[in-house]
Amino acid sequence: MVESDLSIFLLALLAGAIRVGTPFLFVSLGECLTEKGGRINLGLEGILVTGAMTGYAVSYLSGSPWLGVLAAGGAGLCLGLVHGVICSLPRVNDIAFGIALILFGTGLAFFLGKDFIQPSAPMLPSIPLGGWSDDTRVRSALNVNVLFFIGVALAFVLHWGLRGTRWGLVLRLVGDHEDSAQALGYRAAGVRIVATGVGGFLAGVGGAYLSLYYPGSWNEGLSSGQGLMAVALVIFARWQPINCLWAALLFGAAGAVGPALQAIGIGWGYYLFNAIPYVLTLAVMVITCRPDRTLSGAPGELSLNR
Amino acid sequence: MSQLKRRDFLKAAGLLGASAALPVNLLRAAGGGDLTVGFLYVGARDDFGYNQSHAEAAAVIKQMPGIKVVEQENVPETVAVQRAMEAMIRQDGASLIFPTSFGYFDPHVLKVARRFSDVRFAHCGGLWEEGKHPMNVGSFFGYIDEAQYLNGVVAGHMSKSAKLGFIAAKPIPQVLRNLNAFTLGARSVNPDITTSVIFTGDWSLPVKEAEAANSLIDSGCDVLTCHVDGPKVLVETAEKRGVMTCGYHASQAALAPEGYLTGAEWNWVTPYKKHVQAAQAGEPMINFLRGGLKEGFVKTSPYGPKVSAEAKKNADAVKAEMMSGDFVIFGGPLKNNGGEIVIPDGTDYKQTAVELERMDYLVEGVRGQI
Amino acid sequence: MLKPWLGRAGVLLLPALPTLCALVTTAVLFIAFLLIQGRPAWQAGPLVFEGAFGSLFAWENTLMRAAPLMLTALCVALPARAGLIIIGGEGALVLGGLAAAVTPLWLPALPAWPMLIAMGVASMLAGGLWIGLSGWLRQKRGVNETIGSLLLSYIGLAIFRHLVEGPLRDPNSLNKPSTPPLDSSYQIGVISDSFYVHWGLVAGIVACVLAWVLVRYSVIGFALRVVGGNPRTPRMLGLPVDRLVLLTCVLGGGAAGLAGMFEVSAVQGSANTALISGYGTAGILVAFAARHNPLAIIACAILLGGLEASGGLLQRRLGLPDATTLILQGMLFINLLAWETLTRRTGDWRLWLRGHWIAAPRAGLEEKGETSHG
């Protein structure tokens, strides 16, 4: 009994890490990109919700969930560009603007999304990787959504892109040292606008995962702060796309640990379990930060460091 | 008399019965014009769950002659709800208010009701007490645990693993009563059945609910039900994994054509109509109003295609007993899941018993902690 | 001559120019949005005004909602004076509320006033500790205060939920898990029956005025301007930077904690999860819209409170979804923050106006005015 409890628990953690972690992965990659350019976008929470609504609505209206994902990304791109453009104006604070964007994005999604709460939209397919097993639980746990693999691939592509491509170098240069970038003839504002826009696109896709796959419905309580949590996650991952992948899985597992423990009969303190990711991130920050230097890996122009 | 009242209110009930015969139109004409009724919801009106069950009943009230309905949704349990109720009274002329969230009652409804003694506040879920609470306030609620017991009976017949799952928001009496009734219903069929419970911590956390559903299914539960604001996520997740579900709040049959067995549904039209009619007729406020299947406050979803004839027969028999008013869900001896007696032998708590509204234990057969 | 007078009026109005632009743009965008949606846009505008400021009741409604926002905005504005961006006011508010709710349980029975003061102190200590921790982590460990305070806020909320629904729960609170209810003598009432707003409003205004005096006229305020302006100069001047930063954080957190105390003793009567209703987050926007000026916070909080108050009318009269208010708020703050960019220019324009319209044109000023205008 104890052994089977343990295996159920571990299975739930593994499956939960992937299921719950995928939206984290997308949003954190988006935020990572934005922050690499030297700007922070707290509005990804609003973008995520808008993406979730748009994705669901378009999937329902068009019958194609993939079109929904694209539309969600497009909606995210638009809101991301708004953030990018307006925060490029002098004296506009990106942190406060992000919070205003949360209000606006969720408001927009709730307003336009009223008509799409009731209908059922076609869902994204998943890839059954567990066919080898006779255990339905294993099979279910290894039913992995395509978006997860896209996200994993994206993490590696971004990792390579930021290091190995000219575009990545320019982005990092703009994010680390704006003046040098200007001296080389790159317009920092333009680069950041693109980075924030692409970041918004990814956050929108993360939202579409929520509404079109897991938990797979659209309603106003769909997001429980995944967008804001992703900001912490990026710091936890030290601005490394591949670390974002591991961190997203870890945060996903942390989200799954409360229900999983209760399923095997341990029911104490579920609120405290829900706070694990925050405690972990704070601990990492406290351990790795020093007053005389900023977080290693942090882009120098990031408003968090000034 | 269909509504169930406590002893203290037999007198008021008598009065009510007598005045029910008065011609409604005449009194309303005397009052001058339409009755404006205000509804407040804590969440979105269309959440496939609790708020929707209220909004659907409000839509029925809207169709009644001489009624004007004003509604406000997503009203948090802060000064916002006090001000929203006051605004309905002052700006819209509402004279009957339905604050539908439990958390509105104390202190918000009580505070506003003391200032507007000529307005009726019919609160859903609270426990009105004479002497302590204003006379223009009433609380109504339905004994939905009866329908949850029937859910349990059907689930008990249909479960192959003898393991059921229950996803709950918070360990509060209303939730525990449903969970316990569900478990007792299932164990009346097969005493070996256990119910695993997972508390998510809040009324609407879709990702957590989906995780909880998956965890329960992984640990072998093959029939799930819940007490959260929107059961949509649970029902859809279970259907995807080929597991059976019992619904809650409203019918989710359309979401799970395969695995939906039956469900516990609210029928708020009944208490709403009573309050509206009392207001229209100028009768005294109905301070305490409760009812179950018999009174039409709750109902069950039609059986799904999977439900066996035997299960139907058993559930229908229990339902008939409930409709006759003889059935006792919580009767002694009853043990909690730690083995202690919580209801002694020989004690039967009828549905009206106030003790049941303070439930703070999990009955034997529930796997979980509070 | 008319010109000098117009010039003076212009100089006075210039600081308000970004705000006016933001209000106008918001109105235009909001009406356009509703028109595109085919909603009754032209009725919505007047209704927003009526619901927010159209009657005594509307004012009561607005001010009641504005009261906690003034305090939570200070939680952002004070640390901002020292150059910190704190966004964790929500956690400080709920922990402050919890501290206020349990103080009477842990103290012997006291008369109303001493107990209320004790509750206020406890709430400010709790809130101050929480935000102070963010400031301390930043000064001593280099942990960024924005993210640090956000994380601490989430952790604070989890602790709050755990305690209120667990160890500190009143077993009689049945279906709404809460701490034991406050004795009625420890509950704060309204200012008067004809002005039905609780005393939290007065506390909010007083706190804002005090904060204004502190940052404007005190030595600490002057030192803060130096610290907030540049990280290196103050150390050269020998200013106790760490202590100043910590002070603003503790004071700001204390203000948010006090907001929690008023929520508990003037509204809820006990601590429960209804305290978590976004006042802390809204305070961030209020503070930024007020450019961290404590007096402007009062006005901005009233503006935001008014928008929330008007939301009900939009729902009930026009059948607009509740999210309309969210959109309106979002648009307003997006515009307020975006038009902030004008402040870079208003200084120049002000000089120009002084040079050209008010003072008699003299050669030197004329030149200066021209250059800065260009």
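So, how was this worked out
Residues numbered from 1 in each chain as written. Chains lettered and ligands numbered in written order. Predicted model: local features only at pLDDT ≥ 70, side-chain atom pairs only at ≥ 80, totals over all residues. Heavy atoms only, no water. Helix = DSSP H or I, 4+ residues; strand = E, 2+ residues; numbered from the N terminus. Rg over C-alpha atoms; globule rule 2.2 N^0.38 Å. Buried < 20%, exposed > 50% of the residue type's maximum accessible area, 1.4 Å probe, protein only. Contact = heavy atoms within 4.5 Å. Buried area = accessible area lost by both parts, 1.4 Å probe. Salt bridge = Lys/Arg side-chain N within 4 Å of Asp/Glu carboxyl O. Polar contact = N/O pair within 3.5 Å; in protein donor to acceptor, adjacent residues only side chain to side chain. 1 Å grid on protein atoms, 1.4 Å probe; cavity = no way out; pocket = protein on both sides within 12 Å on 5 of 7 lines; lining within 4 Å. Points joined across faces, edges and corners; volume = space filled by probe spheres on them. Nonpolar A, V, L, I, M, F, W, Y, C, P; charged D, E, K, R; others polar. Disulfide = S-S within 2.5 Å.

Regarding the overall build of chain B
A count of helical and extended segments in chain B gives eleven helices and 17 strands. Computed over the C-alpha atoms, the radius of gyration of chain B is 21 Å, within 12% of the 21 Å expected from 2.2 N^0.38 for a compact globule of 370 residues. Seen along its three principal axes, the alpha-carbon backbone of chain B occupies a region of about 65 × 45 × 35 Å. Taken over 370 residues, chain B has a buried fraction of 66%. In chain B, once contacts between residues fewer than 6 apart in sequence are set aside, the share between residues at least 24 apart is 68%.

A few points about the interface of chain A and chain C
Listed per partner, the contact involves 43 residues of chain A and 47 residues of chain C. With both chains or domains summed, chain A and chain C bury close to 4100 Å², and 79% of this area falls on carbon and sulfur atoms. Counting across the chain A and chain C interface gives one salt bridge. Here Asp322 of chain C and Lys114 of chain A are joined by a salt bridge, their closest N and O atoms 3.1 Å apart.

What about the side chain of Ser59 of chain A?
All names here are of chain A. Along the chain, the position of Ser59 falls in helix H2 (residues 44-62). By relative accessible area, which is 0% here, Ser59 ends up buried. A polar side-chain atom of Ser59 sits 2.8 Å from the main-chain carbonyl oxygen of Pro122. Residues in contact with Ser59, not counting those within four places in the same chain, are Ser64, Pro65, Gly68, Ala121, Pro122 and Leu212.

Describing empty space enclosed by the protein
Residue and element names in this part refer to chain B. All told, the structure shown has eight cavities of 30 Å³ or more when counted by the stated rule. In this structure, the second largest cavity encloses a volume near 150 Å³. At the level of secondary structure, the elements contributing two or more residues to the lining of the second largest cavity comprise strand E5 (137-142) and helix H7 (173-189). In the lining of the second largest cavity, the residues fall into seven nonpolar, six polar and four charged.

Remarks on the interface of chain B and chain A
Facing the 34 residues of chain B at the interface are 43 residues of chain A. On the chain B side of the contact with chain A, Val207, Glu211 and Asp218 of chain B bury the most area, a combined 20% of that side's loss. Between the two partners, chain B and chain A, sit two salt bridges. The salt bridge partner of Glu73 of chain B is Lys114 of chain A, with a shortest N-O separation of 3.4 Å. Taken together, the links from chain B to chain A amount to 13 residue pairs in polar contact (both at pLDDT 80 or more). Elements represented by at least two residues in the side of chain B that touches chain A include exactly strand E7 (194-199), helix H8 (206-218) and helix H9 (232-240) of chain B. Here the element with the most residues in the side of chain B that touches chain A is H8 of chain B; it accounts for ten residues. Its residues assigned to classes, the side of chain B that touches chain A shows 14 nonpolar, nine polar and eleven charged.

Considerations on unusual backbone geometry
Residue Pro215 of chain A is bonded to the preceding Tyr214 of chain A through a cis peptide linkage, with omega at 5°. Locating Pro215 of chain A in the fold gives a position in the loop between helix H9 (188-212) and helix H10 (226-236). One non-glycine residue, Ala162 of chain B, adopts positive backbone phi at about 60°. Within the fold, Ala162 of chain B resides in the loop between helix H6 (145-158) and strand E6 (163-168). Even without a glycine there, the phi angle at His292 of chain C is positive, about 60°. Under the relative-accessibility criterion, His292 of chain C is labelled buried at 16%.

Focus: the state of the cysteines
Counted according to the given criterion, the structure contains zero disulfides over all chains. No disulfide involves Cys78 of chain A; its sulfur sits 16 Å from the nearest other cysteine sulfur, which is in Cys87 of chain A. Free cysteine: Cys246 of chain B, not disulfide-bonded; nearest cysteine sulfur from Cys226 of chain B at 10 Å. Exposure remark for Cys246 of chain B: the relative accessible area of 1% places this residue in the buried category.

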